[in-house]
Amino acid sequence: MFALLLVAAVLPSMILGHAVIGCGGGLPQPTSLVIVGCDASPCHVNQGQSVTYTVGFNPTAASAGMTLAISSTVFGETREIPLPPALANACNTMTPSCPVAAGQPVTQTATIPVSTEYHDGIPAQLRVTMTNAQGAINTCNLINLVIH
């Protein structure tokens, strides 16, 4: 199995801010990014360890809903990560929740356990996007990992 990410409620003890890495291509990038338990990028994680992040962004348009999508790239191969419906509905993990107004500061927090057949220091990159009900990407960021 390439990667399987599920929701968990594990909160490691350290919280540090990270430089935001946008996705490029003119996509809106977050205003802030905090990754729990990670003191520098790339974040070093072990198989079965969770990654908890909080991303801040300002929606580009008013919307009744938001969808979270995460993909993983390892060795140049990118795959979408199937998310449980409760996590894919980003309104469940946003403050404030939906509906949102254009330009309104929003934070979204999710905990993602990393389960993959890769280990031994393999680099990986998560691409996290939030799409509004109209289908427009409201924020896109990258999280660099090293899987042990």
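Residues numbered from 1 in each chain as written. Predicted model: local features only at pLDDT ≥ 70, side-chain atom pairs only at ≥ 80, totals over all residues. Heavy atoms only, no water.

Caption draft 1: View of the nonpolar core. Residues I35, Y53, M66, L68, I70, M94 and I143 are the most contacted members of the largest nonpolar core, which totals 34 residues. Top element by residues in this core is strand β10 (residues 122-132). It accounts for five residues. Apart from the residues lying within four places of it in its own chain, the contact partners of Y53 are L33, V34, I35, L68, I70, Q108, T109, A110, I112, V128 and I143. (Core = buried A, V, L, I, M, F, W, Y, C linked by side-chain atoms within 4.5 Å. Buried < 20%, exposed > 50% of the residue type's maximum accessible area, 1.4 Å probe, protein only. Helix = DSSP H or I, 4+ residues; strand = E, 2+ residues; numbered from the N terminus. Contact = heavy atoms within 4.5 Å.)

Caption draft 2: Spatial organisation of the state of the cysteines. In this structure the tally under the stated criterion is three disulfides. With a sulfur-sulfur separation of 2.1 Å, C38 is cross-linked through a disulfide to C43. The sign of the -100° torsion about the S-S bond sets the C38-C43 disulfide as left-handed. Covalently, C91 is tied to C98 through a disulfide, its sulfur atoms 1.9 Å apart. Of note, the bridge from C91 to C98 carries an S-S torsion of about -80° and is left-handed in sense. By relative accessible area, C91 is classed as buried at 11%. When the cysteines of the chain that form disulfides are numbered from the N-terminus onward, they connect as 1-6, 2-3, 4-5. (Disulfide = S-S within 2.5 Å.)

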